[in-house]
Each structure stands twice: as C-alpha cells, then as structure tokens.
Amino acid sequence: MDKRLINTLLRIFHSLEIRFPSGRSISAFCSEYNLGIKQGASLVFTEEDKKEIGRMLQGEMGIDPAMTTSESWKHLGRSQSLQLARDEKFAGRSVGAGRLRLKTLPGQTLHVAGGSWDLPLRTDLGLDLEVVLGHEIGHDALLVIENLQTFDDIHDVDVAVMDSLPARDPLVIYRGDTQGGARTDAIHTLIESTILPVYAFVDYDPAGLVIASGLPRLAKVLAPSLHDLGVLIQMHGIAKRYLEQVATASHVLQQFKADSRIAPLWSVIHAAGKGLPQEYFHSRST
C-alpha cells in the first residue's frame, strides 16, 4: 500500500463527508475489499466503511488512525514513514495476500495442492494461491462463503439451504477479509483461473447480493425456497440492516432486476424491507 493511498484512506476516515472522488488507486482498493459504493465519479462511504478502513490501517499497517492524519504522512520520506507504521507491514505484502482458506463439505476429502486431507469439522486448510493453482483441484465446483462463522460451521447449515447446491463435492472457500487470513482478491483470481462452476452462500441483504453478483462466473446463490425465505425474513429479518445498506447501494441494486441469478432473491428481500444474516441458517434447531 503506497503512501498516497494511505493518505487518501486517512482523509476518508477522519472526514465528516461521505462522498469522495473515485481515483484509480482508491477505486481498486475498494473493489478488492468490498468497501464503499460507486456513484458516478464518486465513492460513497458509510460510517461502517470508515470504521473498517480504520481497522485495516491499524491491523495491517500498524497505523493508529485515531492518532494519525493525512498531514502526518504528507512530507515524510520512507524511513520516516516507517516510524508511523510497522516496517514489515509497510514494506512487504499485506496479511493474507494471495492466501486462501479451504475446506470441504462434511464427509468429503479435500483434494488440492497435490495432496488429500480428511479434515475434522470446523477445520480448514490455509494455502497460498499459487500452490493451489499449481495442481489440479479435485472438486466439481467452488462454493464461496461470505462469513467466517458460517465457513467454520458449514456442517451445521440447514438442509433447506444446502439442498439448493447443484454440486456434489465443491471446494468450500472463505471469501476473505482483513482479519481472517484470506483475501477477496485471491478468491477472484482463483475463480478466474479455473473453469469450475461458482456458487455463493451470502447474507440475504443488499450487501450480500452485491458480494455474490461481483463474483466472476457466478452460477447460483444458495437459498431455501423463495416462499420460505420470504417468510423467514419477515419473521426474523433486521430492518435496520436492510435500510443502512440499501441507502448506499441503490444504483447497484437497480442492476439486480436484470440478473436472473440475483433478481428473485432481491425481489424477496426488497419486498420484506429486511435483511437476514446467513448465520441464521446454522443457529436454529432443525
């Protein structure tokens, strides 16, 4: 991460504004980490986006955003800059760069990187992207999971959701974040480097659908029947979750109407005016 991008992130973090110019560097950063919403020539950041930027600066760069502003960096050289951030974070690649977290559905054997593993429940394998791509992937699809808890507990996910998966033995992949030892850009590169069908299991809310629609070669989003999903969202959904997300993603959501993979789910979520986290489907009694 270069100093100019750090300055931009610090300005966004400290500003009371929500709209900022969408330059090449910040646009690429936001695309990689699924932050901000593109609106014309601008990027719009929610308060949660700004908090996530602060956490990333702190966790990946060792920069305390509460004590550091863009002015702190403006006229510093490299050696001086390193005094404001951890050397290994500033000079080297960021945590999780090119890393994947992989597992299988329960009862299946993981076949990647030239090896085979029977993993216990709630266990996954962390591997470099190039190692995975250097060997045949012995699975019939890629299943991308949005949230880490659901990735860990995939064996407990309700059959109402898992029965909608067309694949028999997918490679289950954690979508990645700044803390979970995996990166979203690595997921996209993996998808683009294979011909396997791609399925997604995400939150049933605007942000989850944005994530799913952004996956290359997406074939389907896992979900129970539309009728059941509508009933569950009405009964257990969170209106605040929906309203906060839809306010910053309206231009993207309009595109869902023409997307046959997303439109039916969006219709149910939009009609309910609520969002339902995917964790709901592994926390209820079956």
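Source: prediction; values computed, not measured.

Details of the overall build of the protein chain
Okay, step 1: Helices and strands together make up the secondary structure of the protein chain, namely 15 helices and eleven strands.
Okay, step 2: The burial tally for the protein chain puts 51% of its 286 residues in the buried class.
Okay, step 3: Within the protein chain, contacts between residues at least 6 apart in sequence are counted, and of these 71% link residues at least 24 apart.

Overview of the nonpolar core
Okay, step 1: Membership of the largest hydrophobic core comes to 63 residues, with the highest contact counts inside it found for Leu143, Met162, Tyr204 and Trp266.
Okay, step 2: Among the elements that make up this core, the one with the highest residue count is helix α15 (residues 263–272) (five residues).
Okay, step 3: In this structure Met162 touches Leu105, Leu143, Ile154, Val157 and Leu222, once residues within four positions along its chain are discounted.
Okay, step 4: Core analysis: the next-biggest nonpolar cluster, separate from the first, contains 17 residues, Leu9, Leu10, Leu43 and Leu57 among them.

Details of the sheet that holds strand β10 (residues 198–201)
Okay, step 1: If you trace the six strands from one edge of the open sheet to the other, you get β7-β4-β9-β8-β10-β11, paired in mixed fashion. In the strand order of this sheet, the two ends are held by β7 (125–128) and β11 (218–221), each with one partner. Ignoring strand direction, the axes of neighbouring strands in this sheet form an average angle of 35 degrees.

As for unusual backbone geometry
Okay, step 1: Although it is not a glycine, Arg122 adopts a positive phi angle of roughly 65 degrees.
Okay, step 2: Tracing the chain through its elements places Arg122 in the loop between β6 (115–117) and β7.
Okay, step 3: One non-glycine residue with positive phi stands out, namely Arg217, at about 60 degrees.
Okay, step 4: Checked against the element boundaries, Arg217 lands in the loop between α11 (206–213) and β11.

Describing the pairing of β7
Okay, step 1: Residues Leu125 and Leu127 point to one face of β7 and are all buried, whereas Gly126 and Asp128, pointing to the other face, are not buried.
Okay, step 2: Here strand β4 (residues 99–103) pairs with β7 via four bridges, running antiparallel. The residue bridging Leu100 from the neighbouring strand is Leu127, located in β7.

A few points about the packing of helix α12 (residues 226–236) against α15
Okay, step 1: Two elements in contact, α12 and α15, have axes separated by 9 Å at closest approach and are oriented at 25 degrees. Considered as vectors, α12 and α15 are oriented roughly parallel to each other. Of the two elements, α12 crosses α15, and the hand of that crossing is right-handed. Counted together, Leu226, Leu229, Gly230, Ile233 and Gln234 of α12 and Pro264, Leu265, Val268, Ile269, Ala271 and Ala272 of α15 form the full contact between these two elements.
Okay, step 2: Of the residues contributing to the contact of α12 with α15, the split by class is nine nonpolar, two polar and no charged.

Quick notes on helix α10 (residues 184–192)
At 3.6 residues per turn, the α-helix brings residues three or four places apart onto the same side.
Okay, step 1: Among the residues of α10, those classed as buried are Thr184, Ala186, Ile187, Leu190 and Ile191. Seen from one end, α10 has its buried residues packed into an arc of 155 degrees, which puts them on one side.
Okay, step 2: Those residues of α10 that are buried are in contact with α2 (24–33), β4, α7 (129–133), β8 (142–145), β9 (171–174) and β10.

What to know about the sheet that holds strand β3 (residues 42–44)
Okay, step 1: In space, the three strands of this open sheet follow the order β1-β3-β2, with antiparallel pairing throughout. Every other strand in the sheet has two partners, leaving β1 (19–21) and β2 (37–39) as the edge strands with one partner each. Neighbour to neighbour, the strand axes of the sheet diverge by 35 degrees on average, direction disregarded.
Okay, step 2: The pairing of β2 with β3 spans three bridges and is classified as antiparallel. Across the sheet, residue Ile37 finds its bridge partner in β3, namely Val44.

Examining helix α1 (residues 3–14)
Okay, step 1: If you check α1, its first and last C-alpha atoms are 16 Å apart, about what twelve residues at 1.5 Å a residue would give, namely 16 Å.
Okay, step 2: Those residues of α1 that fall on the buried side of the exposure criterion are Leu5, Ile6, Asn7, Leu9, Leu10 and Ile12.

What to know about the packing of α1 against α2
Okay, step 1: Running from N to C, α1 and α2 cross one another at 70 degrees; their axes reach a closest spacing of 10 Å. Put simply, α1 runs roughly perpendicular to α2. Only Ser25, Ile26 and Phe29 of α2 make contact with α1, whose side of the interface consists of Leu5, Thr8, Leu9 and Ile12.
Okay, step 2: Residues belonging to the contact of α1 with α2 are distributed by class as follows: five nonpolar, two polar and no charged.

Thresholds applied
- Residues numbered from 1 in each chain as written.
- Predicted model: local features only at pLDDT ≥ 70, side-chain atom pairs only at ≥ 80, totals over all residues.
- Heavy atoms only, no water.
- Helix = DSSP H or I, 4+ residues; strand = E, 2+ residues; numbered from the N terminus.
- Buried < 20%, exposed > 50% of the residue type's maximum accessible area, 1.4 Å probe, protein only.
- Contact = heavy atoms within 4.5 Å.
- Core = buried A, V, L, I, M, F, W, Y, C linked by side-chain atoms within 4.5 Å.
- Pairing = 2+ DSSP bridges.
- Axes fitted to C-alpha atoms, helices over the stretch in contact; angles between N-to-C directions.
- Parallel < 35°, antiparallel > 145°, perpendicular 65-115°, else oblique.
- Left-handed = near helix turned anticlockwise from the far one by under 90°.
- Nonpolar A, V, L, I, M, F, W, Y, C, P; charged D, E, K, R; others polar.
- Arc of directions from axis to C-beta.
- Expected span 1.5 Å × (residues − 1).

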